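A structural walkthrough
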Amino acid sequence: MTGKMNAKMTAGIRGGLILAVALLIAIVLSLMIGQIRLSASDLWTGLLTGKGPGALTLRVLRGPGVVTAIGAGAALGASGAIFQILLRNPLAAPDVMGFTSGAGLAVVCGVLAGTSLPMPLLSAAGGLAAACAVAILAIKRDGSQVPITLILVGLGIGFLTTAGNSFIVTRLPPEQAAEAQRWLTGSLAARDWGHAAQVFGCGAVLAVILAIQVRSLGLLELGDDLATGLGLKSNRARLKLAGTGVLLAAAGVAVAGPVPFIALMAGPLGMRITGATQPGGRIVSAAVTGAIITVLADLAARSIVPGLQLPAGVMTGIFGAPYLLWLLSREMEAGDI
Amino acid sequence: MRAMAVAFLALVLAAVLTLTVGVREGGFALLWQALTAFDPSDPAHIAVLSIRMPRLIAGLIAGAALGMAGTIMQAITRNPLADPGILGINAGAAFAVVIGSLIAGRADNGLMAALAFPGAAGAAVAVFALGGGLKGDAGPVRLTLAGVALSAMLLSFVSAIILARNEALEVFRFWVTGSLAQAGMRPLGYMAVAAVFGTALAITIAPRIEALSLGSALARGLGTKPGRIQLGALVAVTALTGAAVGVAGPVAFLGLLVPRLARRVGGHVLRRELIASAVLGAAILLFADTIGRIVIPPTEIRVGTMTALIGAPMFIWMARRLRAGASA
């Protein structure tokens, strides 16, 4: 028994190390590659002395974007894992179910209306509204709520909010419209330290809240009866966890736009690498994996066409969709859907 | 029969509105003048015939084609959520055209639109293979999710290419959402031929599709070869969808909305449902386009956005009604 546990622990540690190294490599590559290519030693000198092209890149050109990408990716990844555990379905991610595009819609509406409300607040309001709409509309006539209906209704809310977004975009003047279209695809271009601080600030608060709630997520996994027997008010706990999940996704959307498929991919990929089975471990590995995916997607979007910055969301769309297809075919063979 | 007459009247009304309602008020009198006593020196006459007319023709082709494509797909898959937009067939057509013009190294000049057909066919085959359609009945949930994924991927490619070529936002809107605003620049004649071919094929095989929907064993007993009918349906859907995307871009949700209404108008006879789908599809598309043009002047809402705003709530409503057993 203990030998087995130890082996599992070692595997977990090895997985954690792999993720950490991968994140580090992604960060370094993302800082090195771009319109001007830097060597690792340039970066190192810049980091130590604060002078030279390395320092400029770290401080102004690429540093803020990379840090924002890490924060946004981690928030989206963690959010995805929460819903995947909560609904016990790998398809149940905030981007598949329309929460992220709802958050994006609220931000764009706010910008159009010229409000001075901060972006995370708008984004949170939009995400929560979309989530409530999905939750309510997915209740069937007999009062039951099945995950597959939640996912389908969520897709529908996603279609609706996406249409709302393109409606709003047509109302903007041309330059602003192009900018808004980019942001709605999910973009990390021209981020500054303010964005980075914002996503890490919101993320830190939500991480603390989530750490308190993680125990109830573990209990819910045992099934409602057992969880209630152990003294958990399961419906209330589920609602609180979903709220935290939506807010995490909204924090990511506020700085990076509704980047698709990160929340969907991060959880299962992270779990595969670390072998984590407990909710806490799954969420942490999803957050790190989300950060890696986002940093790499942004890097690819910046460097695939020389001299041009594509929105990162285009990359996650191109690589995330085949993942969704693969997931579908696997689920089908397992007979789950 | 009365329902069909009402649908047809709606189409005529939609067509007249498309030609007459606009930012510059012309009215019915101007249209009549331009049609009966055309004056080439009058800019208002030129506007009606050179801007509005192509728009009307494109709307007729795309609306009728998408409506019929939706009806065939729903009949073949017995999936009420089937729509060429949702299942990624539109996206496949758009992707092929945009990739083609990228490889040829020039902007899409209309002739490239012929690539929409292989694109649509490829996406249709892919979505059924990936959605489990080849192993018996494709359940609505799988097929829909496979379509959403395929569509997301292909449209991401389309966005990437259009953004990388730094093309105008209008081009982006056409190839990602669908729009009738560029109708004058599209190869309307060729696409009309394709749409007519698709229509003829669909009408011809309609009774055999009905036989197939009784189940493949029963259909064989009635002397129908399921594989050949499915192939025929694929060709018809490809021709119709390719034609629609060629003139209007990947307009989604029309194929979801129309078949339900068409069943009311056409009864439960597939041939009549198809005709009703063509009439209703064109009418709805033209109404949606006209509303999109006048609702917030001077900007116009693209018709693809309008159909999505109408179609998405419909999708949610239908998703709620799917029985638990139907999702397997």
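Please refer to the structure placed before this passage.
Rules of the game
Residues numbered from 1 in each chain as written. Chains lettered and ligands numbered in written order. Predicted model: local features only at pLDDT ≥ 70, side-chain atom pairs only at ≥ 80, totals over all residues. Heavy atoms only, no water. Helix = DSSP H or I, 4+ residues; strand = E, 2+ residues; numbered from the N terminus. Rg over C-alpha atoms; globule rule 2.2 N^0.38 Å. Buried < 20%, exposed > 50% of the residue type's maximum accessible area, 1.4 Å probe, protein only. Contact = heavy atoms within 4.5 Å. Areas by Shrake-Rupley, 256 points an atom, 1.4 Å probe, with all protein chains shown as cover. Lys, Arg positive; Asp, Glu negative; His and termini not counted. Charge placed at Lys NZ, Arg CZ, Asp CG, Glu CD. Patch = residues over 30% accessible without salt bridge, like charges linked within 9 Å, V, L, I, M, F, W, Y side chains within 5 Å. Salt bridge = Lys/Arg side-chain N within 4 Å of Asp/Glu carboxyl O. Buried area = accessible area lost by both parts, 1.4 Å probe. Polar contact = N/O pair within 3.5 Å; in protein donor to acceptor, adjacent residues only side chain to side chain. Nonpolar A, V, L, I, M, F, W, Y, C, P; charged D, E, K, R; others polar. Core = buried A, V, L, I, M, F, W, Y, C linked by side-chain atoms within 4.5 Å. Phe/Tyr/Trp six-rings, centres within 6.5 Å; stacked < 30°, edge-to-face > 60°.

**Observations regarding the overall build of chain B**
For chain B, the count of helices and strands is 13 helices and zero strands. For a compact globule of 328 residues, the expected C-alpha radius of gyration is about 20 Å, and chain B comes in at 19 Å, within 12% of that figure. In terms of its C-alpha atoms, chain B occupies a principal-axis envelope of roughly 65 × 50 × 35 Å. Split into buried and exposed, the 328 residues of chain B put 58% on the buried side. In chain B, of all internal contacts separated by at least 6 residues, the share reaching a separation of at least 24 is 73%. For chain B, the accessible surface area stands at approximately 12900 Å², while carbon and sulfur atoms represent 69% of it. Of the charged side chains in chain B, 25 are positive and 12 negative, and the gap between their average positions amounts to 14 Å.

**Concerning a positive patch on the surface**
Together, R208(B), K225(B), R228(B) and R271(B) give the surface a local cluster of positive charge. Tracing the sequence through the fold places K225(B) in the loop between α9 (216–221) and α10 (226–248).

**Topic: the interface of chain A and chain B**
Reports of interface size often rely on the accessible area that becomes lost once the parts have come together. In this complex, chain A contributes 45 residues to the contact, which on the side of chain B involves 47 residues. In total, chain A and chain B occlude about 3700 Å² of area from one another, counting both sides; carbon and sulfur atoms represent 80% of this. Our count for the contact surface shared by chain A and chain B stands at zero salt bridges. At the junction of chain A with chain B, the criterion picks out three residue pairs in polar contact (both at pLDDT 80 or more). Where the side of chain A that touches chain B is concerned, the elements lending two or more residues are α6 (119–137), α7 (147–171), α8 (174–185) and α14 (312–334) of chain A. A per-class count over the side of chain A that touches chain B returns 33 nonpolar, eight polar and four charged.

**Focus on the nonpolar core**
I72(B), W175(B) and F315(B) are the most contacted members of the largest nonpolar core, which totals 198 residues. Top element by residues in this core is helix α6 (residues 140–164) of chain B. It accounts for 15 residues. Beyond its immediate sequence surroundings of up to four residues, I72(B) is in contact with A202(B), I209(B), A233(B), A236(B), V237(B), L240(B) and L274(B). With 13 residues, the next largest nonpolar core counts A103(A), V107(A), V169(A) and W183(A) among its residues.

**Some remarks on the packing of aromatic side chains**
Applying the stated criterion across every chain yields a total of six aromatic pairs over all chains. For the pair F83(A) and F99(A), a centre-to-centre distance of 5.3 Å together with 65° between the ring planes defines the contact as edge-to-face. Here F99(A) lies in helix α5 (residues 99–113) and F83(A) lies in helix α4 (residues 63–87), a separation of 16 residues in the sequence. The two residues F83(A) and F99(A) agree in class, both being buried. Relative to W175(B), the ring of F174(B) lies with its centre 4.8 Å away and its plane at 85°, an arrangement referred to as edge-to-face. Each member of the pair, F174(B) as well as W175(B), is classed as buried. Of the aromatic side chains, those joined through ring pairs into one cluster are F159(A), F253(B) and F315(B).

**Description of the environment of A192(B)**
Residue and element names in this part refer to chain B. Checked against the element boundaries, A192 lands in helix α8 (residues 188–212). The class for A192 is partly exposed, based on a relative accessible area of 27%. A192 sits 131 residues away from I61 along the chain, and the two C-alpha atoms are 6.3 Å apart.

**Considerations on a nonpolar patch on the surface**
A surface patch of nonpolar side chains, amounting to about 240 Å² of accessible area, comprises V21(A), I25(A) and L29(A). The residue V21(A) is located in helix α1 (residues 2–32) in this model.

So yeah, pure geometry; function would need other evidence.
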